[in-house]
Amino acid sequence: MNRLVLGIFLACLIIVMMFFSYNKNPSSQGNFAQKRESMVQDQIIRRGITDPRVLAALRRVERHEFVPAEARDIAYADHPLSIGYEQTISQPYIVAYMTQAAQLGGEEKVLEIGTGSGYQAAVLAEIVKEVYTVEIVEPLAQSARERVKQLGYKNIFVKHGDGYRGWKEHAPFDVIIVTAAPDEVPEELVRQLKVGGRMVIPLGSVYQELYVIRKTDTGMEKQSLLPVRFVPMVGEGKE
Ligand code: SAH
């Protein structure tokens, strides 16, 4: 009898301790899930993103895993965040917007230029078959590679290199997403895009605009989407 009472007492104690440790920790998974859902509702759906695949991907990817430890609590805020080396993880809305603009069906092989934290790559990887991503800052490429591996993504491939050169060995790509801004469309990237493929790319320096470019048999169709602000695309392609 005494044992039974002791057992019940201990079980209650454990439940109470779990309850308090959960509530004391503002960074608990439950809290992040809630913030992620609010982000999708207030920043993404409210601004007109409708592609169900994009919304599902934003609901799944744990953005707090892609920001520095001290920024985890503001990972779902409505702005870009610093990830070191003077680089940023893009605002959630811009990630959603660019992903929707790529018009993904699910079977694509995608090239991303500017891996940064790996967040955009993870969002893409939730939707498409394979994501190849190139980052010019070696420590960022390295940490993004480790991060996506740890999070279990088997269809993201990270390369340290200059994005102006693309990733020839895996070309041609169905879609190319560039997340740093060059002044002009890099020719080599157009070469590595399939005919009928789409490139989503910010262009410009002081004033930048986001474009979607469709490669045709005869050239390119270029459509301007919205004004944006990305870090400049550096590297050898730039004079
Ligand atoms: N997509 C990232 C954010 C991009 S920030 C994310 O989801 O977190 C832009 C990134 O482009 C930076 O990490 C910067 O180092 C990188 N970059 C700039 N010029 C580049 C180039 N020529 N080739 C590859 N990466 C480049």
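Everything numeric in this text was worked out from a predicted model, so none of it was measured. (Residues numbered from 1 in each chain as written. Predicted model: local features only at pLDDT ≥ 70, side-chain atom pairs only at ≥ 80, totals over all residues. Heavy atoms only, no water.)

Visitor: Any details on the overall build of the protein? Residues and values, ideally.
Guide: Counting secondary structure elements, the protein contains seven helices and nine strands. Here the C-alpha coordinates of the protein stretch approximately 85 × 35 × 35 Å along the principal axes. For the protein, buried positions account for 47% of its 239 residues. Of the roughly 12700 Å² of accessible surface on the protein, a fraction of 55% belongs to carbon and sulfur atoms. When the 28 positive and 29 negative side-chain charges of the protein are each reduced to one mean point, those points stand 6 Å apart. (Helix = DSSP H or I, 4+ residues; strand = E, 2+ residues; numbered from the N terminus. Buried < 20%, exposed > 50% of the residue type's maximum accessible area, 1.4 Å probe, protein only. Areas by Shrake-Rupley, 256 points an atom, 1.4 Å probe, with all protein chains shown as cover. Lys, Arg positive; Asp, Glu negative; His and termini not counted. Charge placed at Lys NZ, Arg CZ, Asp CG, Glu CD.)

Visitor: Give a description of the pattern of salt bridges that names residues and reports values.
Guide: According to the stated counting rule, one finds 11 salt bridges in the structure shown. Between Glu 107 and Lys 129 there is a salt bridge, with its nearest N and O atoms 3.7 Å apart. Placement of the pair is Glu 107 in the loop between helix H4 (92-101) and strand S3 (109-113) and Lys 129 in the loop between helix H5 (119-127) and strand S4 (130-135), with a sequence separation of 22 residues. Taking the relative accessible area as the measure of exposure, Glu 107 reaches 60% and is therefore exposed. By relative accessible area, Lys 129 is classed as exposed at 51%. Because the salt bridges share partners, they merge into one network encompassing Glu 187, Glu 188 and Arg 191. (Salt bridge = Lys/Arg side-chain N within 4 Å of Asp/Glu carboxyl O.)

Visitor: Residues and numbers for the packing of aromatic side chains, please.
Guide: Scanning the entire structure with this criterion turns up six aromatic pairs. Geometrically, the ring pair formed by Phe 66 and Tyr 119 is edge-to-face, given 5.6 Å between the ring centres and 70° between the ring planes. Residue Phe 66 is found in the loop between helix H3 (52-60) and strand S1 (81-84), and its partner Tyr 119 is found in helix H5; the two are separated by 53 residues along the sequence. The exposure classification of Phe 66 matches that of Tyr 119, with both residues buried. When the centroid spacing of 5.9 Å and the interplanar angle of 65° are considered together, the rings of Tyr 93 and Tyr 97 count as edge-to-face. (Phe/Tyr/Trp six-rings, centres within 6.5 Å; stacked < 30°, edge-to-face > 60°.)

Visitor: So what about the side chain of Ser 90? Which residues, and what values?
Guide: With respect to the secondary-structure elements, Ser 90 resides in the loop between strand S2 (87-89) and H4. Not counting residues within four places of it along the chain, the set of residues in contact with Ser 90 comprises Arg 63, Pro 80, Val 95 and Phe 230. (Contact = heavy atoms within 4.5 Å.)

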